[in-house]
Structures are given as structure tokens and as C-alpha cells.
Amino acid sequence: MKIASETSALILWCVAFWSSIGNMRHTRAYKIGLIQGNSDFFAPVEDGWKFMCEQMGQDCLFLMRNDTNDEECIAIVDPVIEQWLDEGIQGIAMKPACGALYSDPLIENLMAQGVPVVTFDSRSEKAAAYVGTNQEFLGRTMARLLRQLRPEGGTYAMVARKTERDEAFIAEIEKYNNRDDRAHWYELSENYTQAENVWCTSCLPEGGFLGVMERAVILEPDAMIFFKQSPMRDEGYPQFVREHFDKNITYIGTDGADYQLSYLDRRLVDGLVGQLPYEFGTKSVQALYDILATGGPKGNEGDYNTNIVAYNLIPVELPELDLDENLLGNLKWVGYTCFGFVAISVMVCCLWTYLSWGKVVVKAAQPFFLYMVAIGVFIMSSSLIPLSQDDGGEEKSESHTWSVGVCMSIPWLAFVGFTMSFSALFSKTWRVNRIFEANAQYTRVRVSPTDVMMPFFLLLGANILILVLWTVLGPLEYIRREHEGTDYWNRVISTYGACRSDNAVAYLVPLAVTNFISVLTACWQAIKARNIESEFAESKYISLAVASLLQGFLTGIPVVLLVRDEPQVYYVMLSSMIFLLSMALLWLIFLPKMLMQRKYDKLSPNEQREMLAR
């Protein structure tokens, strides 16, 4: 019974606690009012205002204006403001009305009396906060909508300007004008507004906005931009559009009132970027509550930005898609050329080894090891051939066998060739170290060909085992993937082809670790042989070759991995890495021997024996 009693008490306490939390928002109710705009566009503001007032438990007043000029506006607003002040109003949201000469002093006076004012739709420097669209964002969105509808570029006329919107529109629509790969947009060069100050947003141009449109159309613009509703409200607007329908002018307007949406339906406007007046109402309540409850607005520098919505017609025939398939194109000749240089170099080195078989330098270097280095370099550089292949942009154009064969041949050729060349260098350095260590201890040691070849077979066997498992269980396949980003019609604009496997890391890591440890071991052998002096200085050049391999591992591979999703950059980087490693490995071994053999060819047999005996 005691436990049940305690449980009941705990439940009652939890209920009371959460009820108090739920009612906290209603404990601070403020009397606030909103003065509506005088057009149908602002009708949803009332709904948003009343909904949020109910949700937040505020005491809200509302005034709908129906004036047609500033005098009527003042006659409506003045007595309501006085009445609200008498009733103890604590905050007011309003669209600046009745002209700036009236609204700015009104706002300043209310603020001085301790009644914070929040403006919506239009900003006032006198107000405590602003609720509405980020005007620069709206201007940029209008520019993007124009670029979507007319991707080819052209000229435009700005019929009705509005501060911030027009500057942002110009910056966005003309930002690619210095690039040859993007369409260019320019404003009409002549003063079609016939106004002394075209940036005056409150000045009515000669002949009204329809007059501006009539003068602009003579200059054959590709687009007309309305940063206000005013031009579209003109009763002559529909007739103007119909008269000039054959000129293929794109019309971009602001807001999304019912009459504007009907114009869109009738092809009298091509795109609209609208504000959401419902949010003017909801966020005005939130702004006033924040100011009254905390002493200041919580918006970004006093701004409570609202979302925008874009309307446009989707044509049956969309603009031609400019798809970047990131094909290698002529870049493939980089790989072919690099392979050609390596192949010719290998042929030269093998031919020199064959012709100099019985000469002192080649005999001392052991022709078998020289052939291993040359053939290994040739096999490794052969990976440039499959690396230079792509699908031509058609994902299904090649067979599965081609897809796997091209991709898996790259690691097979690269690792097998590397193993052969590297093993020759490692075995030679290891053999030299064993012989000189035995001489230092005055002992006799015999290093057989089997001993020398053992590292080669072990390393080659390990690589082949991993490569076979990779090929059988989860081979690389050539696939085409999509880059992030779409065009204005949500179409993919960039793809790339690459060799991919779901579990490639499971095989690449063992391959990399096996060969990296082998290179480190070879570096250790090279360090041990650094003080061994000989006439041919063979240990020195083998050490340099091994060091170049280590440098390639440490610097080249991370860079290649960073650009693996950019096929052209990836191809150039990997091709360059394979080419440079191949040439460095080949010529660091052969060139010093060729120069030394040339020196010995000038000596008599006795002089050669004397130099070797030193």
C-alpha cells in the first residue's frame, strides 16, 4: 500500500510539473496589434497573425486597411493607433504605410513611447525588427529563374526597381559574363526609363511602367524584369504582352498573387518569385514576443526572414542538356606517349645489356638482374594502356568482360611489374651486404642464385595470391557515376567513369602493406650498403632507386586518392606517377653503368684490371 501511495504521488507530481511547463508560454501574454497592407496580396497575413497569436496565447488586435491613397491611409491609421495606445498596446507590427514622410515619424514616436514596432514586407531603419524576405536573396533567385528559362543569355530590361533586389539581380545574372563557357546577360544599354535617376525606386517613370515597357521593347530585349507588382497591376499589361508575343520576351515578376498566377496560366508571365505573406503574420507575432519578453529581437541583426516560392512554366521541350561526361578524350595520348617513352627506354637498355654481355661492367652488374629490372619496368608501365581507356560516355556500351578486364589489369600489371623490378634491386643489395659482411668477419659465404631469387618469389607469390582473390571474389568494374549537382530542371549535369568495387579496400590495403614493408626493408638494406665503396658505385644508385620508390609511395598515392572522383585529374596524376617512377627506376640503374662502360671501353685490358684491383 505504501508503494502504491508513493507511486500515485509521483504520478501526480509529474502531471503537475509537465502541466506547468506546458502553460509557461501562456503566463506572459502581451497586447499586440498588426496593421495590414492595403492589397489582396497581404490577405494571408491575417490568417498567419491570428494562428500564431492563438498558439502563443497573446492578446492580438488587427486592422485591415482599405485605403487608396496616402490621405485615406492616414485617416484610417491615426485614430486606430490612438485607440490602441489608450487600450495599453505593448507592440505593433505594420507594413510601412501612408508614405515615408508619415510612417517613419510614426514609428519613431511609438518607439519613443516604449511601444516596439516591427515592420514587414518593407524595412524601416526606425523599427525594432524587420519581418520579411531577404531582398538580396529574392533578387538572386529571380536571376537564377531567368537563367533557367533562358539558358542562352541575352539582354534584359528592369521595368520596376526595388532597393536591394535589383542590385542582387544584376550581380547574380552578370557574374558569369567574364567566362567563355557560360551564357552572358547584359542590361539594355540605352536609358529606356527616360528618368534622370534610374535607381530611384519611388519615382514613377514617364508614361508609367507601361511606358517603360513600350520604350524597352523597341530595343528588343530578351527579358523584362519586374521587381514590384506595379507593372503587372496595370490594366494594359495583358494587352502589351499579347501584342509583343512574337518577340519571344521572357517576363519575370515578383510575388504570387491570384491574378499573377492566372497570368502565368495564360502565358502572360513566364516566372514569378513570390514572398509568403502568411509568414509575415506568424513571424511578426514571434518578433514582438521576443522583443517584449527578452528585450530584443532574436533574428539576425533584427531580421526575421521569411521563405520565398518560385513559379514558372515547365516547357514541353526542355533546353538541350549540356552533360559533362568527363571523358579522357585527347588526354589518353598522355598515357600512350608516356608508355611509348618507357617502352623505347626499356628496349634501349635491354639491347645495350645484350650487346655488352661480356664486358666488365655488365658482368659485374649481372645481366640477369638488369633484365629483371628492365622487364619489370616495362610490365609496370604497361598499366598505362588500360588506364587510358574509358567507355566513351555510354555506360552499357562495353561488356562485363571488358569492364572487369580493363580495371583489374591495372593492379595486375602495376604490382607484378613493381615486384619484378623491386625484387631485383632488393636481392642485389641484400647479396652485396652479405658478401661484404662475410669479408669483414673473414668468413667465406656462398650466395646462390636460389638465395637471391627467394625474395622475388616470396613477394611475387604474396601479390599474386591477393590479386587472384580480388579478381575472383570482388573484381574492379568500370562503372559510370553521377557527380553531385543538377541543372535548373533537376537533370544530372556531370558524370564520370571509374573502376570501382564494393570491397576494394579489403585487397588494396594488404597489397599496399606488403609492398610498403618490402620497400622499407629494401631501404634498410640500402642504408647498410651506403658505406660500401666500389668502382661502379652500384649500391649508391640502387639506394637512389629504392628511395624514389619510397617517395612515390609517400607522396604520390595520397594525392591520387584525393582526386579519385575527378577522372581527368586522377588519370594525369596516376599516369605521371607511373611514368616518373618507371623512368627513375630504369635510368638510375642503367645510365651510370652505360657511362661507366663507355669509360672502360677506352682502356686497355690491363688498365681495366688495374682499376678493378684498386
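Residues numbered from 1 in each chain as written. Predicted model: local features only at pLDDT ≥ 70, side-chain atom pairs only at ≥ 80, totals over all residues. Heavy atoms only, no water.

1. Here we look at a negative patch on the surface
The following threshold applies: What makes a patch is a set of residues exposed beyond 30% relative accessible area and free of salt bridges, joined within 9 Å when like-charged and within 5 Å when nonpolar (Val, Leu, Ile, Met, Phe, Trp, Tyr). For every accessible area listed, the method is Shrake-Rupley and the probe measures 1.4 Å; residues are considered covered only by the protein chains on display. Definition used for salt bridges: Asp or Glu carboxyl oxygen within 4 Å of a side-chain nitrogen of Lys or Arg. Residues counted as positive are Lys and Arg, residues counted as negative are Asp and Glu, and His and the chain ends are not counted. Where a charge sits is defined by one atom per residue type, namely NZ (Lys), CZ (Arg), CG (Asp) or CD (Glu). Labels follow the DSSP assignment, with helices taken as runs of H or I lasting at least four residues and strands as runs of E lasting at least two, numbered in each case from the N terminus.
A contiguous patch of negative charge, built from Asp-78, Glu-82, Asp-86 and Glu-87, is present on the exposed surface. Turning to its location among the elements, Asp-86 is positioned in helix α3 (residues 70-86).

2. So, the pairing of strand β4 (residues 117-120)
Here is the rule we go by: Each residue's exposure class comes from its accessible area (1.4 Å probe, protein chains only) as a fraction of the maximum for that residue type: buried when under 20%, exposed when over 50%, partly exposed otherwise. When the strands point away from the viewer, a crossover counts as right-handed if the route from the first strand across the helix to the second turns clockwise. When DSSP locates at least two bridges between a pair of strands, those strands are taken to pair.
Of the two faces of β4, both are covered, the one formed by Val-117 and Thr-119 as well as the one formed by Val-118 and Phe-120. Note on the crossover from strand β3 (residues 91-94) through helix α4 (residues 100-112) to β4: the handedness is right-handed. Strand direction decides the pairing type here: β4 and strand β5 (residues 129-133), joined by 3 bridges, are parallel. Following the sheet pairing, Phe-120 is matched in β5 by Val-131.

3. Comments concerning the state of the cysteines
Keep this limit in mind: Note on disulfides: each one is a pair of cysteine sulfur atoms within 2.5 Å.
Per the stated rule, a full pass over the model turns up 3 disulfides. Across the disulfide, Cys-73 is cross-linked to Cys-98 (sulfur-sulfur distance 1.7 Å). Where Cys-73 bonds to Cys-98 through sulfur, the torsion about that S-S bond is close to -70 degrees, and the disulfide is left-handed. Here Cys-98 lies in the loop between β3 and α4 and Cys-73 lies in helix α3, a separation of 25 residues in the sequence. Classification of Cys-73 by relative accessible area gives buried; the value is 0%. Note that Cys-407 is cross-linked by a disulfide to Cys-499, the S-S spacing being 2.1 Å. Across the S-S bond of Cys-407 and Cys-499 the torsion is about -80 degrees, and the bridge reads as left-handed. You can see Cys-407 sitting in helix α16 (residues 400-440) and its partner Cys-499 sitting in strand β14 (residues 495-500), a full 92 residues away along the chain.

4. Some details on the sheet that holds β4
Either a parallel or an antiparallel arrangement is found when strands of a sheet pair, and the pairing is made through backbone hydrogen bonds. Stated precisely, the cut-off is as follows: Interaxial angles span 0 to 180 degrees and are taken between N-to-C directions of axes, which are lines fitted to C-alpha atoms, for helices over the stretch in contact. Residues count as neighbours in contact if any of their non-hydrogen atoms are within 4.5 Å of one another.
Read across the sheet, 6 strands follow the order β2-β1-β3-β4-β5-β11 without closing on themselves; strand pairing throughout is parallel. Looking at which strands have only one partner, the edges of the open sheet turn out to be β2 (59-63) and β11 (303-306). Within this sheet the neighbouring strands show an average axis-to-axis angle of 15 degrees, counted without direction. When β3 meets β4, the two strands line up parallel, connected through 3 bridges. Counterpart to Ala-93 in the pairing with β4 is Val-118. Packed onto the sheet, helix α2 (residues 43-56) meets β1 (31-35), β2, β3 and β4 and runs at close to 170 degrees relative to β2.

5. Some remarks on helix α10 (residues 258-265)
The condition that has to hold: The directions from the helix axis to the C-beta atoms are what the arc is built from.
When we look at burial in α10, the residues that qualify are Gln-260, Tyr-263 and Leu-264. Seen from one end, α10 has its buried residues packed into an arc of 100 degrees, which puts them on one side. Across from the buried face of α10, at angles greater than 90 degrees, the exposed residues are Asp-258 and Asp-265. Elements that come into contact with the buried residues of α10 comprise α8 (230-233), α9 (237-243), β9 (250-254), β10 (271-275) and β12 (308-312).

6. Looking at the packing of aromatic side chains
The criterion, for reference: In this analysis, rings of Phe, Tyr and Trp, with Trp reduced to its six-membered ring, are considered paired at centre separations within 6.5 Å, and the interplanar angle assigns stacked below 30 degrees, edge-to-face beyond 60, and tilted for intermediate values.
Following the criterion strictly, the structure yields 18 aromatic pairs and no others. For the pair Tyr-30 and Tyr-289, a centre-to-centre distance of 5.9 Å together with 70 degrees between the ring planes defines the contact as edge-to-face. Residue Tyr-30 is found in the loop between α1 (2-23) and β1, and its partner Tyr-289 is found in helix α11 (residues 277-294); the two are separated by 259 residues along the sequence. Taking the centre distance of 5.3 Å and the plane angle of 70 degrees together, the rings of Trp-333 and Tyr-336 count as edge-to-face. Taken as a pair, Trp-333 and Tyr-336 lie in helix α12 (residues 332-355) at a separation of 3 residues, close to a single helical turn.

7. Describing the pattern of salt bridges
According to the stated counting rule, one finds 13 salt bridges in the structure shown. A salt bridge links Asp-222 to Arg-150, with the shortest nitrogen-to-oxygen separation between them at 3.4 Å. On the criterion of sequence distance, the pair formed by Asp-222 in the loop between α7 (208-218) and β8 (223-226) and Arg-150 in the loop between α5 (135-149) and β6 (154-160) is long-range, its members being 72 residues apart. One connected set of salt bridges, linked through shared partners, spans Arg-144, Arg-147, Glu-172 and Lys-175.

8. Topic: α3
Owing to its 3.6 residues per turn, the α-helix brings residues three or four apart onto one side. So the rule is basically this: The span you would expect from a helix comes to 1.5 Å times its residue count less one.
The first and last C-alpha atoms of α3 sit 24 Å apart over 17 residues, in line with the 24 Å expected at 1.5 Å per residue. Within the span of α3, buried status applies to Cys-73, Val-77, Val-80, Ile-81 and Trp-84. Down the axis of α3, the sector holding all buried residues measures 110 degrees, keeping them to one side. Residues of α3 that are exposed and point over 90 degrees away from its buried face: Glu-71, Ala-75 and Asp-86. Here the buried face of α3 lies against β1, β2, β3 and α4. Immediately downstream of α3, the backbone of Gly-88 shows phi near 85 degrees, a positive value.

9. Thoughts on unusual backbone geometry
Despite not being glycine, Asp-255 shows a phi value in the positive range, around 80 degrees. Mapped onto the elements of the fold, Asp-255 is located in the loop between β9 and α10. For Arg-267, which is not glycine, the phi torsion reads 65 degrees and is therefore positive. Given the relative accessible area of 45%, Arg-267 is considered partly exposed.

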